[in-house]
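Chain by chain, the residues:
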Amino acid sequence: MTSRTPPKKNNWSWRSQAFRGLIYQVIAIAAIAGVVWFLAHNTLVNMRTRGIQSGFDFLTQPAGFDIGESLYPFDSAQPYWQAFLVGVTNTLRVAVLGIILATLLGTLLGVGRFSRNALVRGVCLSYVEFFRNIPVLLQLLMWYVMLTEVLPAAADAWVVGPFFLSKGGLNFPIPVWGTGQLWAAYGLLPGLLLGWAYRRWSVSQFEATGQPRSMVVLPLMIVLLASVAGWALGGAPTDFNRPVKGDFSIENGGALTPEFLAVLMGLTLYTAAFIAEVVRGGIASVARGQGEAASALGLSQNQEMRLVMLPQALRVIIPPLTNQYLNLTKNSSLAVAIGYPDVVSIANTALNQTGRAVECISLVMLVYLTTSLGTSLLMNWYNSRAAIKER
Amino acid sequence: MNQTTFQPIAARPAPVNTEGPIAWVKNNLLADWKTTFATLLIGGVLLWLVPPLLNWAVIKAVWVPDYDACRAEGVGACWGVIAEKYRIIIFGRYPFDEQWRPLVATVLLTGLLVASCMRMFWKVWLPLLWVVVLGIFFALMYGNTMGLTQVDTDRWGGLPLTILLASLSLVMSFPLALLIALGRRSNLPAIRSFCTIYVELIRGVPLISVLFMASFMFPLFMPPGVKIDVLVRVLVGITLFAAAYSAEVIRGGLQAVPKGQVEAAATLGLSYWQTQRKIVLPQALAMVVPGIMNNFISTFKDTSLVTIVSLYELTGAMSLALNSDANWRPFTIEGYIFIALIYFVFCFSMSRYSHWVETQVNKSKLR
C-alpha cells in the first residue's frame with residue numbers, strides 16, 4: 001500500500017486559498033477606491049461648473065439667523081460654528097432628558113407586564129402595542145399640534161400651583177441662584193465622598209460578617225443631608241423666580257417651548273414602548289428556577305428581584321437598551337419637522353444659506369457618529385462589567 | 001379488643017374554584033390588597049378618561065363633510081374631514097380621474113407582500129413574481145403604455161408611495177445585506193473591515209441625514225448631465241440604510257449556526273460558496289425571518305420621513321390635503337388620527353405575523 005503524501009504547499013499557486021483571498025481583496029479595494037474616486041471627481045467637476053464654493057471656512061462667518069431657543073445667549077452676528085454648537089447642545093439636551101424619562105417609563109411598563117393584576121398587564125400591553133406601531137414622526141407632529149392648538153392661549157393658561165401650561169409652552173419657577181445654592185453645591189461634594197465611603201464600608205462589613213446593612217438609603221441620606229447642611233449654612237435662601245401672567249405672554253421663571261415639549265414627549269413615549277419590550281424580554285429570559293431557588297433560600301421578594309433576577313436580566317437587557325438609547329438620539333433629528341432648533345435643523349438652515357451641502361451634511365453625520373460611537377463604547381464598557389465572568 | 005364500628009371522618013370541603021370568570025377575577029384583580037388597590041386606581045383613571053374620549057370621538061362627532069357643522073359649539077371630532085379629503089390623503093397629488101391605477105397597483109403589491117409571508121408560496125418562482133408585479137406596478141403608476149397617460153413620479157403620493165418605498169427597499173436591500181453579513185464574517189481582512197465600517201457608519205447616523213444626502217448631495221455625485229429622479233434617489237438612500245440594519249440581523253442568524261455544520265461541510269469537501277448556499281444560509285435565514293420582518297416594520301414607519309425631503313407619502317399627503325385648504329385646516333388632529341390608524345393596522349398585523357413566525361421557528365427547536 002502506498003501512502004499518498006499530501007501535495008506540497010505552494011503558497012503562491014493560483015489554486016491556493018491565501019492567494020485567491022489576496023486577489024479578491026485587491027479587487028475589492030480597487031473597486032471601492034474606483035467608486036470613491038468617481039464620486040469625488042464628479043463632485044469636484046460639478047462644483048466647479050456650478051460655481052459652488054467648498055471648504056469649512058464659512059464656519060467663522062456670521063450666521064445671520066436667530067435661533068428660537070438655546071442654553072446660552074446666541075444672536076445672528078455670531079459665527080456659524082457657534083450656531084452649530086447651539087444645535088448640538090439642543091440635541092443633547094432633548095436626548096439626555098428623553099433617555100432618562102424613557103428608561104423610567106419603559107422599565108415600569110416592562111415590569112408591569114409581569115404584574116398579578118390583569119388590568120395592569122392589559123394597560124402595559126396596549127400601551128406598548130399602540131405606541132410602537134405608529135411612526136415617531138407622526139407622533140411628534142400630533143403632540144406638536146395638540147400643544148399649539150388644543151391648549152389655551154397664554155392669557156388664560158392652565159395653572160397648576162406655580163406651573164403654567166399654554167400655547168407658549170410650560171412655565172415653571174426656578175430658584176434664584178445665590179450664595180446659598182453655591183453652599184449647597186459645596187455641601188454636596190463632601191456628602192458624595194462620605195456617602196461613597198460609607199457604602200464601601202457597609203459592603204465590606206456585609207461581606208465579612210453577613211449582617212445586612214443599608215447600602216442605598218443611608219448613603220443617599222448622607223448626600224442629601226450634607227447638601228441641605230450646606231444650603232442652611234449659606235443662609236437657607238428660598239427665593240424663587242416665579243412665572244407671572246403678563247398681558248400676552250407669561251413672564252419670568254423657567255420656560256420650555258412647545259417645540260421642545262413635543263419632541264421630548266414624542267421621543268419619550270415612543271422609545272418607552274421599545275424599552276418596555278426590552279425589559280420584559282430580559283426578565284422573561286431569566287430561568288424560572290432562579291426565582292424559585294431564591295425564595296427557597298428565604299430571600300424576600302424585593303431581595304429576589306434585586307439580587308437574583310435583575311443582575312441576570314441586565315445582561316440580556318443592556319445591549320438592546322443601548323440600541324434604544326442610540327435610536328432615541330438619532331430620532332431626535334426629526335425635530336427638524338416641527339422647528340425645534342436641533343443640530344439637523346441648524347445645519348439645514350446653514351445649508352440653505354451657504355449652499356455648502358457636503359460640508360453641512362458631513363458635520364451632522366460627524367456629530368451623530370461621535371455620540372453614537374461614544375455611547376456604544378460607554379455601554380460596552382458597562383456591559384463587559386455586567387457580563388458573566390467566564391473562564 | 002372491642003368491636004369497632006365504622007365511623008367516617010368528616011368530608012373535606014369542596015375545592016376552591018380555580019376556573020371560571022369569578023375565580024379569574026378573584027385571582028387577577030382582587031388577589032390581595034395591593035392588587036385590589038391597583039385595580040381600583042386604574043379602573044378609576046379609565047372611568048375618568050374613556051367616557052369623555054368616547055364622547056369626543058363617537059357620540060358628539062360630526063360624520064358629514066360639512067365644515068360649518070364641525071365648527072359649531074360643543075361638537076366632538078370632525079370625521080367629515082376624512083370623508084371630504086380621503087382621496088387626497090390616500091393617493092396624494094395623483095390625478096383625480098386616474099386614481100384607480102394606484103389603487104389597483106397597491107392592491108397587487110400588498111397582495112404579493114401578504115403572499116410572500118405564507119410558507120406555501122416560498123417557491124423558486126416567487127422572486128420572479130416580484131419582478132413581474134413590480135413591473136406592472138410601475139407600468140400602472142407611470143403610464144405612457146397601453147393607452148395610459150403619463151404621470152410623473154413627482155405626482156405620486158400617499159399610501160401607494162409608502163408601500164412602494166417600504167417593499168422595494170426591503171427587496172433591494174436583502175441581497176446587499178446578505179453580502180455585507182457574509183463579508184463581516186469573512187476571514188479576508190480588507191473585505192471584513194470594509195463591511196464593518198459600512199454597517200457602523202450607517203447605523204451611527206440618522207435616516208434623515210441619509211435622506212438629505214440623497215436629495216442634496218446625490219446630484220453632485222453624478223457625472224454632469226445625468227439627472228436622476230428624486231424618487232429613485234430617496235429609494236437608493238433608504239435601501240442603503242435598511243441594508244446595514246438587515247445585515248446585522250442576518251449576521252446574528254449566521255452566528256447562530258453551530259460551527260460543526262461548517263466543519264462538516266468542509267469535511268464533505270464543499271467549497272465556500274457551496275457551504276454557504278447549501279448548509280449555512282438555509283439554517284440562518286429561517287432564524288432571521290422575524291428580525292427581517294421587524295426591520296421591515298421600522299422601514300415602513302421610517303418612510304414617513306421622506307415627507308421632510310418633499311415626497312408626499314401618507315404623512316406628507318395628509319399635510320398637503322389639509323394645509324392647502326383653510327376651511328379644513330383646524331381639523332388636523334382628526335387627519336393625523338386617521339393616518340395613524342392606517343399605519344397601526346399595517347404595522348400591527350406585520351408584528352403579529354413576525355410573532356407567529358418566531359413561535360414556529362422555536363417550535364422546531366423544541367423537539
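What you are looking at is a predicted structure, and each value in this text was computed from that prediction instead of being measured.

Draft legend 1. Main features of the packing of helix α9 (residues 207-221) of chain B against helix α10 (residues 230-256) of chain B. Residues and elements named next belong to chain B. Between α9 and α10, the shortest axis-to-axis distance is 9 Å and the interhelical angle comes to 145°. α10 is crossed by α9, and the crossing has right-handed handedness. On the side of α9, the interface is formed by Leu-207, Val-210, Leu-211, Met-213, Ala-214, Ser-215 and Phe-218, while α10 contributes Val-230, Arg-233, Val-234, Val-236, Gly-237, Leu-240 and Phe-241. Among the residues forming the contact of α9 with α10, the class breakdown is 11 nonpolar, two polar and one charged.

Draft legend 2. Representation of the interface of chain A and chain B within the structure. Contacts between chain A and chain B engage 46 residues on the former and 41 residues on the latter. Taken together, the elements giving at least two residues each to the side of chain A that touches chain B come down to α1 (17-50), α3 (118-132), α4 (136-150), α9 (301-331), α10 (343-354) and α11 (357-386) of chain A. Sort the elements by how many residues they give to the side of chain A that touches chain B and α1(A) lands first, with 13 residues. The residue makeup of the side of chain A that touches chain B, split by class, is 32 nonpolar, 11 polar and three charged.

Draft legend 3. Molecular detail of the nonpolar core. Counting 143 residues, the largest nonpolar core has Leu140(A), Val263(A) and Leu211(B) as its most contacted members. For this core, the leading source of residues is helix α7 (residues 258-285) of chain A, giving 15 residues. Apart from residues no more than four positions distant in its own chain, Leu211(B) is found in contact with Val234(B), Gly237(B), Leu305(B), Val306(B), Ile308(B) and Val309(B). Counting residues in each nonpolar core, the second largest holds five residues, with Ala157(A), Leu165(A), Leu170(A) and Ile250(A) among its members.

Draft legend 4. Structural detail: the packing of helix α8 (residues 288-296) of chain A against α9(A). Residues and elements named next belong to chain A. In contact at an axis separation of 10 Å, α8 and α9 are set at 160° when each is read in the N-to-C sense. In terms of axis orientation, α8 runs roughly antiparallel to α9. Crossing of α8 against α9: the hand is right-handed. Residues Gln-290, Gly-291, Ala-294 and Ser-295 of α8 form the contact with α9, whose own contacting residues are Glu-304, Val-308, Met-309 and Gln-312. Its residues assigned to classes, the contact of α8 with α9 comprises three nonpolar, four polar and one charged.

What counts and how
Residues numbered from 1 in each chain as written. Chains lettered and ligands numbered in written order. Predicted model: local features only at pLDDT ≥ 70, side-chain atom pairs only at ≥ 80, totals over all residues. Axes fitted to C-alpha atoms, helices over the stretch in contact; angles between N-to-C directions. Helix = DSSP H or I, 4+ residues; strand = E, 2+ residues; numbered from the N terminus. Left-handed = near helix turned anticlockwise from the far one by under 90°. Contact = placed C-beta atoms within 7 Å. Nonpolar A, V, L, I, M, F, W, Y, C, P; charged D, E, K, R; others polar. Core = buried A, V, L, I, M, F, W, Y, C linked by C-beta atoms within 7 Å. Buried ≥ 20, exposed ≤ 12 C-beta atoms within 10 Å, placed from the backbone. Parallel < 35°, antiparallel > 145°, perpendicular 65-115°, else oblique.

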